[in-house]
Amino acid sequence: TKTADEKEKMIFNAAEQNYLSGNYQKALTSLQSYIEKYPAGKYAFNAEFYIADSYRNLGKYEQACDCYEKVIAEGSGSFVELSMLNFSDLSFKLERWDDAFGGYSALYSSARLENNKILAVEGMMRSAFKAHKWSDAITNADRLLVSDKADAQGKAEALYIKAKSYLASSRRDEAFSIVEDLARDVTTEYGAEAAYMLVVDSYDKGNFEE
């Protein structure tokens, strides 16, 4: 004879093992069954996160985003921080730029892990750029450029996005000052693109020899 608490724990543990073993479809069935039986159970928050993550691993990104939002709204601790990151990353993949920017902004404000703060800044910069929010893209590019946690590739991307955002904001001189610096090394992705931008600019000006 098991107590009610012991029975609940057994049901959750069985569902959790499906998730931990990578059997995500079976995990969804068992975790949703647990939630239906114990909507306010001791392990309901964990179950909600596992459901969201199972959807993500199955490539069902929209359902995953909906479930991650629920975890963010109702939970606390490390699962919330990870849910914010996953929600933002999936929103970016789905090209929901505003949702992605909002998610990364929330992560930046609340993240305890320094690595997640850097990921949040990168995410805000990229999603703002995609959403044509040039000022926000420049602000977050600058945050990356002064960070000692960002690597060389990340800083090169930040310079490139900053230059393109300046161009889109009709701040041509500031943009091409950055482009010229990037173009000094054409062996990198952003250096090669910057060199091409200089070539096109010279052509458009009629400076054909240059």
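No experiment lies behind these values; they were computed from the predicted model shown.

Reading the values: the criteria
Residues numbered from 1 in each chain as written. Predicted model: local features only at pLDDT ≥ 70, side-chain atom pairs only at ≥ 80, totals over all residues. Heavy atoms only, no water. Helix = DSSP H or I, 4+ residues; strand = E, 2+ residues; numbered from the N terminus. Buried < 20%, exposed > 50% of the residue type's maximum accessible area, 1.4 Å probe, protein only. Contact = heavy atoms within 4.5 Å. Areas by Shrake-Rupley, 256 points an atom, 1.4 Å probe, with all protein chains shown as cover. Lys, Arg positive; Asp, Glu negative; His and termini not counted. Charge placed at Lys NZ, Arg CZ, Asp CG, Glu CD. Salt bridge = Lys/Arg side-chain N within 4 Å of Asp/Glu carboxyl O. Axes fitted to C-alpha atoms, helices over the stretch in contact; angles between N-to-C directions. Parallel < 35°, antiparallel > 145°, perpendicular 65-115°, else oblique. Left-handed = near helix turned anticlockwise from the far one by under 90°. Phe/Tyr/Trp six-rings, centres within 6.5 Å; stacked < 30°, edge-to-face > 60°. Expected span 1.5 Å × (residues − 1). Arc of directions from axis to C-beta.

### A look at the overall build of the protein
So, step 1. Counting its secondary structure elements, the protein contains 11 helices and 0 strands.
So, step 2. Along the chain direction, N to C, the helices and strands of the protein fall in the order α-α-α-α-α-α-α-α-α-α-α.
So, step 3. Per-residue burial for the protein yields a buried fraction of 41% across its 210 residues.
So, step 4. Partitioning the contacts of the protein with sequence separation of at least 6, the portion at a separation of at least 24 is 44%.
So, step 5. Of the roughly 11,800 Å² of accessible surface on the protein, 48% is carried by carbon and sulfur atoms.
So, step 6. Averaging the locations of the 25 positively and 34 negatively charged side chains of the protein gives two centres separated by 7 Å.

### Examining the pattern of salt bridges
So, step 1. Evaluation of the coordinates by the stated rule reveals 11 salt bridges.
So, step 2. Across the pair Arg96 and Glu62 runs a salt bridge, and its minimum N-O distance is 3.5 Å. Here Arg96, found in the loop between helix 5 (78–93) and helix 6 (97–110), pairs with Glu62, found in helix 4 (residues 61–74); they are 34 residues apart in sequence, far enough to count as distant.
So, step 3. The partly exposed category is assigned to Glu62, whose relative accessible area is 44%.
So, step 4. Asp201 is paired through a salt bridge with Lys205; the nearest N and O atoms lie 3.2 Å apart.
So, step 5. You can call Lys205 exposed: its relative accessible area is 53%.
So, step 6. Put simply, Arg172, Asp201 and Lys205 are held in one network by salt bridges that share partners.

### A word on the packing of helix 4 against helix 5
So, step 1. Where helix 4 meets helix 5, the axes come as close as 9 Å, and the angle between the chain directions of the two elements is 150°. The angle between the axes of helix 4 and helix 5 places the two elements in the roughly antiparallel class. The hand of the helix 4/helix 5 crossing is left-handed. Along its contact with helix 4, which presents Tyr61, Ala64, Cys65, Tyr68, Glu69, Val71 and Ile72, the element helix 5 presents Phe79, Val80, Ser83, Met84, Asn86, Phe87, Leu90, Ser91 and Lys93.

### Quick word on the packing of aromatic side chains
So, step 1. Applying the stated rule across the entire model yields 15 aromatic pairs.
So, step 2. Between Tyr203 and Phe208, the aromatic rings sit 5.4 Å apart at their centres with planes inclined by 65°, giving edge-to-face as the arrangement. Each member of the pair, Tyr203 as well as Phe208, is classed as exposed.
So, step 3. Three or more aromatic residues joined by ring pairs form one cluster here, namely Phe12, Tyr19, Tyr24, Tyr34, Tyr38, Tyr43, Phe45, Phe49, Tyr50, Tyr68 and Phe79.

### Let's talk about the packing of helix 9 (residues 152–168) against helix 11 (residues 189–204)
So, step 1. At their nearest, the axes of helix 9 and helix 11 sit 9 Å apart, and the two run at 25° to each other. As judged from the angle between their axes, helix 9 and helix 11 are roughly parallel. The segment helix 9 lies against helix 11, with Gln153, Ala156, Glu157, Tyr160, Lys164 and Leu167 engaging Glu189, Tyr190, Glu193 and Met197.

### Re helix 11
So, step 1. In this model, helix 11 (16 residues) spans 23 Å end to end at C-alpha, consistent with the 22 Å of a helix rising 1.5 Å per residue.
So, step 2. Within the span of helix 11, buried status applies to Tyr190, Gly191, Ala194, Met197, Asp201 and Ser202. Each buried residue of helix 11 lies within a common arc of 135° when the element is viewed along its axis, so the set occupies one face. Opposite the packed face of helix 11, turned more than 90 degrees from it, sit the exposed residues Glu189, Tyr196, Val199 and Tyr203.
So, step 3. Trailing helix 11 by a residue or two, Gly206 shows a phi angle of about 85°, which is positive.

### Thoughts on the environment of Gln17
So, step 1. For Gln17, the location among the structural elements is in helix 1 (residues 4–20).
So, step 2. With relative accessibility at 49%, the residue Gln17 sits in the partly exposed group.
So, step 3. Gln17 sits 13 residues away from Ser30 along the chain, and the two C-alpha atoms are 9.9 Å apart.

### Observations concerning unusual backbone geometry
So, step 1. Backbone geometry places Glu95, a non-glycine residue, at a positive phi of 60°.
So, step 2. Mapped onto the secondary structure, Glu95 falls in the loop between helix 5 and helix 6.
So, step 3. A positive phi angle is found at His132, which is not glycine, with a value near 65°.
So, step 4. With respect to the helices and strands, the residue His132 is situated in the loop between helix 7 (114–130) and helix 8 (134–145).
So, step 5. The exposure class of His132 is exposed, given its relative accessible area of 54%.

Limitation: the analysis is restricted to geometry and does not speak to function.
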